Amino acid sequence: MDQNEFVIFAELNRDHFDEILQSLTKHFKNIQSGRQGDDWIWIHLGEDKIEIDSFYSMELEVKGKRKHYTVAVQIIQKMNDNWIIQVFEPPKIDTTR
């Protein structure tokens with residue numbers, strides 16, 4: 001299994017973008033975000049990042065390289081249950097890459 005393969009770990013409810021961002025900023029330091037038609041949050045991990053965005057979905061997708069599975073699980077665990085639409089176990093391949 002290619003650990004650099006981009007995957008989608010989960011899908012979050014876009015209606016809770018502000019609460020999701022607020023929760024993440026309490027637990028992670030290097031975050032960028034924006035709202036311009038699409039909503040996006042990037043959690044930087046050195047040279048890589050976990051992306052939470054609505055670029056290819058109506059909802060927020062939690063995605064990144066397969067090797068960041070542990071961090072993605074930590075992110076998902078910080079979410080309220082009603083913000084989570086679906087967790088993909090195993091993560092599904094991000095076909096937009």
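Residues numbered from 1 in each chain as written. Predicted model: local features only at pLDDT ≥ 70, side-chain atom pairs only at ≥ 80, totals over all residues. Heavy atoms only, no water.

## Observations concerning the overall build of the chain
So, step 1. Of regular secondary structure, the chain possesses two helices and six strands.
So, step 2. Seen in sequence order, the chain has helices and strands lined up from the N terminus as β-α-β-β-β-β-α-β.
So, step 3. For 97 residues, the compact-globule estimate of 2.2 N^0.38 gives 13 Å, and the C-alpha radius of gyration of the chain, at 12 Å, lies within 12% of that figure.
So, step 4. Expressed as lengths along the three principal axes of its C-alpha atoms, the size of the chain is roughly 35 × 25 × 25 Å.
So, step 5. Within the chain, the fraction of its 97 residues that count as buried is 46%.
So, step 6. Counting contacts in the chain only where the partners sit at least 6 residues apart, residues at least 24 apart contribute 57% of the total.
So, step 7. Accessible area of the chain: about 5700 Å², with a carbon and sulfur share of 46%.
So, step 8. Here the chain holds 12 positive side-chain charges and 17 negative ones, and the gap between their average locations is 5 Å. (Helix = DSSP H or I, 4+ residues; strand = E, 2+ residues; numbered from the N terminus. Rg over C-alpha atoms; globule rule 2.2 N^0.38 Å. Buried < 20%, exposed > 50% of the residue type's maximum accessible area, 1.4 Å probe, protein only. Contact = heavy atoms within 4.5 Å. Areas by Shrake-Rupley, 256 points an atom, 1.4 Å probe, with all protein chains shown as cover. Lys, Arg positive; Asp, Glu negative; His and termini not counted. Charge placed at Lys NZ, Arg CZ, Asp CG, Glu CD.)

## Here we look at the nonpolar core
So, step 1. Ranked by internal contacts, the top residues of the largest apolar core, which has 22 residues, are Ile 20, Leu 24, Ile 41, Ile 43, Ile 50, Ile 52 and Ile 75.
So, step 2. Going through the elements one at a time, β1 (6–12), α1 (17–27), β3 (38–45), β4 (48–53), β5 (60–65) and α2 (69–77) are the ones with two or more residues in this core.
So, step 3. Residues contacting Ile 75, with those up to four places away along its chain left out, are Leu 24, Phe 28, Ile 43, Ile 50 and Ile 52. (Core = buried A, V, L, I, M, F, W, Y, C linked by side-chain atoms within 4.5 Å.)

## A few points about the sheet that holds β3
So, step 1. As summarised here, the arrangement of the six strands in space is β2-β3-β4-β5-β1-β6, forming an open sheet in which the pairing is antiparallel. Sheet topology places β2 (31–36) and β6 (84–93) at the edges, where each strand pairs with a single neighbour. Shown here is a sheet whose adjacent strand axes are inclined to one another by a mean of 15°, direction ignored.
So, step 2. Running over the sheet, α1 touches β1, β2, β3, β4 and β5 and is turned about 170° from β2. (Pairing = 2+ DSSP bridges. Axes fitted to C-alpha atoms, helices over the stretch in contact; angles between N-to-C directions.)

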